[in-house]
Amino acid sequence: MRKKLIAGNWKMNCSRSEALQLASAIIASASESSAELLICVPTIHLSDIAKLACNSHLKLGVQNAYWQKSGAYTGEISVSMLEDYQIEYLLVGHSERRELFGDTNDEVARKFSAALECGITPVLCIGESLQQREQGITLEVLKEQCQSVIDLVGIKAFNKACLAYEPIWAIGTGQTATPEQAQEVHQSLREFFAQLDKDVAQGLQILYGGSMNAANAEALLAQPDIDGGLIGGASLKPDDFLKIYSLAG
Ligand code: 13P
């Protein structure tokens, strides 16, 4: 039986004091549940938030890191530098990274691999654009995004990873995929993984992301192949985020 994972992606939001306030509010009100709770915070706030989150069941992650261990990579933070903090998760391949910062499938795979090497769970984000959906190539695009990672690290590596399906047309638009649309894709993705390894597919947490909120989460989370959410905007509102978490438990 797969646990549900409710993950917040704060993106590039929150001053230091706002970040501490938000994290404190989440920690104070998050009761024990059968679901897992995660926030992926701006890396600069990690150290402060890690101090607040120790001894709580809130898990921490960050939104990006570079795969090389060290060297002349101005402005980057390596995955291995994050090992010293309490982070358990790393987002890789978010569509905003792919579209705005040019992260390629190959780089995403290297980041995924670097996270595993450091004992950090990678959350592989995949998603199609509206144009690709209209062209009927959604699954092709998603499989290609997964395949480059599988080629580098092997299918068994997904025993220690999560997948997040985030249709680009649903991110930050208020236009959520319907529960049926999302379930259809999640089921196809699980079947794709099952062709390579049934056990891996069965255990793989596949999160949905894209305008998930307190009002639509229940129906999405009720789908058999939706194992949680990767939540942007609503994760910045503690009441909404915790409502989604309580619906998942
Ligand atoms: P929104 O929930 O704001 O649509 O963002 C989703 C997302 O990109 C999470 O990674």
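The structure under discussion appears in the preceding block.
Please read all numbers here as calculations on a predicted model, not as lab measurements.

### Details of the packing of aromatic side chains
The final tally for this structure, using the stated rule, is six aromatic pairs. Among the aromatic residues, those joined into a cluster by ring pairs are Phe-112, Phe-158, Phe-192 and Phe-193. Against the face of Trp-67 rests Arg-110, its NZ or CZ located 4.6 Å from the ring centre.

### Comments concerning the environment of Leu-46
As for its position among the elements, Leu-46 is in helix 2 (residues 46–53). The residues contacting Leu-46, other than those within four sequence positions of it, are Val-41, Leu-60, Val-62, Leu-82, Tyr-85 and Ile-87.

### Quick look at the packing of helix 6 (residues 138–153) against helix 7 (residues 179–196)
Across the interface, helix 6 lies against helix 7 with an axial gap of 11 Å and an inter-helix angle of 40°. The angle between helix 6 and helix 7 falls in the class oblique. When the axes of helix 6 and helix 7 are compared, the crossing they make is right-handed. Contacts from Leu-139, Leu-142, Lys-143, Cys-146, Gln-147 and Ile-150 of helix 6 reach helix 7 at Val-185, Ser-188, Leu-189, Phe-192, Phe-193 and Leu-196. Per-class residue counts for the contact of helix 6 with helix 7 are nine nonpolar, two polar and one charged.

### Digging into the site of the ligand
What surrounds the ligand is a group of 13 residues, the closest being Lys-11, His-94, Glu-166, Gly-172 and Ser-211. In this structure, Gly-172 approaches the ligand through a main-chain N or O atom, which is 2.6 Å from an oxygen atom. Within the backbone of Gly-232, a nitrogen or oxygen atom sits 2.9 Å from an oxygen atom of the ligand. Contact with the protein chains hides 95% of the accessible area of the ligand, taken as 310 Å² for the molecule alone. A class-by-class count of the residues in the shell around the ligand yields four nonpolar, seven polar and two charged.

Here is what the cut-offs are and how they apply
- Residues numbered from 1 in each chain as written.
- Predicted model: local features only at pLDDT ≥ 70, side-chain atom pairs only at ≥ 80, totals over all residues.
- Heavy atoms only, no water.
- Phe/Tyr/Trp six-rings, centres within 6.5 Å; stacked < 30°, edge-to-face > 60°.
- Lys NZ or Arg CZ within 6 Å of the ring centre and 35° of its normal.
- Helix = DSSP H or I, 4+ residues; strand = E, 2+ residues; numbered from the N terminus.
- Contact = heavy atoms within 4.5 Å.
- Axes fitted to C-alpha atoms, helices over the stretch in contact; angles between N-to-C directions.
- Parallel < 35°, antiparallel > 145°, perpendicular 65-115°, else oblique.
- Left-handed = near helix turned anticlockwise from the far one by under 90°.
- Nonpolar A, V, L, I, M, F, W, Y, C, P; charged D, E, K, R; others polar.
- Near = heavy atom within 4 Å.
- Polar contact = N/O pair within 3.5 Å; in protein donor to acceptor, adjacent residues only side chain to side chain.
- Areas by Shrake-Rupley, 256 points an atom, 1.4 Å probe, with all protein chains shown as cover.

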